[in-house]
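# Fold and contact review
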Amino acid sequence: MVAGRWSHRAAIRHINVLEFQAVQLSLQQFLPLLRGRTVLKRTDNVTVAAYINRQEGTRSTNLSRLAAQFWRWCRHRDITPVASYFPGQDNLIGDFLSRGRCLPSEWMLHQEVMSLIQRTMGPLRVDLFASALNHQLPLYCSRVRTPEHGPWMLSLSTGGESKLMPFLR
């Protein structure tokens, strides 16, 4: 995950310019893993996705210039970028982080308290009401589906049996 803050000077730029620059900065961050690959960049900005996929645009000279620079940068590193629109409401974690806020669900027990519970009641197997950002056990239930963990949800039955169910997480 990559996150950061814009300087005051940068923050006054148009949101489409900032979003485009964020795309490039994220690729720069993971450059060693991306060389020689086609990279799908999901963005909640329709304009940025269009400028990346078309390699230019007609409405904004700033974005056309950024797109041209971006594509030169990618070609020089043997990266083929492809963008798709990903609505902010479907990307809760990224949306909250981009606004500098914490998710209302992002709290967790202090590590010492968790260790005490593990010792007295454990071993615990599933971290309920957790997320990719705050889970304290390898297996956790999240209300937000994270693509890197696959489309699965843990179903807990009253009979003490657990099973993985597809496409519900």
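Residues numbered from 1 in each chain as written. Predicted model: local features only at pLDDT ≥ 70, side-chain atom pairs only at ≥ 80, totals over all residues. Heavy atoms only, no water.

### Remarks on the confidence of the model for the protein chain
- Per-chain confidence: the protein chain averages 76 in pLDDT, with 71% of residues scoring 70 or above.
- Considering only residues more than four positions removed or in separate chains, one finds that residues 154-160, a stretch of pLDDT under 50, has 13 contacts.
- Predicted confidence for residues 162-169 stays below pLDDT 50, and this span has 29 contacts to residues more than four positions away or in other chains. (pLDDT = per-residue confidence, 0-100. Contact = heavy atoms within 4.5 Å.)

### Description of the layout of surface pockets
- Size it by volume and the second largest pocket reaches roughly 320 Å³.
- Around the second largest pocket, the lining is made up of 15 residues, and of these W107, L109, M114, D127 and L128 lie nearest the centre.
- Mapped onto the lining of the second largest pocket, the elements with two or more residues apiece are α7 (111-121) and β3 (126-130).
- The leading source of residues in the lining of the second largest pocket is β3, at 5 residues.
- Grouping the amino acids of the lining of the second largest pocket by side-chain chemistry returns 11 nonpolar, 3 polar and 1 charged. (1 Å grid on protein atoms, 1.4 Å probe; cavity = no way out; pocket = protein on both sides within 12 Å on 5 of 7 lines; lining within 4 Å. Points joined across faces, edges and corners; volume = space filled by probe spheres on them. Helix = DSSP H or I, 4+ residues; strand = E, 2+ residues; numbered from the N terminus. Nonpolar A, V, L, I, M, F, W, Y, C, P; charged D, E, K, R; others polar.)

### Digging into the packing of helix α4 (residues 46-54) against helix α5 (residues 61-76)
- For the pair α4 and α5, the least separation of the axes is 9 Å and the interaxial angle reads 50°. The orientation of α4 relative to α5 falls into the category oblique. For the element pair α4 and α5, the recorded crossing hand is right-handed. Contacts between α4 and α5 involve T47, Y51 and I52 from the first element and L63, S64, A67, F70 and W71 from the second.
- Looking at the contact of α4 with α5 residue by residue, the class counts come to 6 nonpolar, 2 polar and no charged. (Axes fitted to C-alpha atoms, helices over the stretch in contact; angles between N-to-C directions. Parallel < 35°, antiparallel > 145°, perpendicular 65-115°, else oblique. Left-handed = near helix turned anticlockwise from the far one by under 90°.)

### Focus: helix α2 (residues 15-29)
- Taking 1.5 Å per residue as the helical rise, α2 with its 15 residues ought to reach 21 Å, and the 21 Å between its terminal C-alpha atoms agrees with that figure.
- Along α2, the positions that sit buried rather than exposed are N16, V17, L18, F20, Q21, V23, Q24, S26 and L27.
- Where α2 is buried, its residues touch α1 (8-11), α3 (31-34), β1 (38-43), α4 and α5. (Expected span 1.5 Å × (residues − 1). Buried < 20%, exposed > 50% of the residue type's maximum accessible area, 1.4 Å probe, protein only.)

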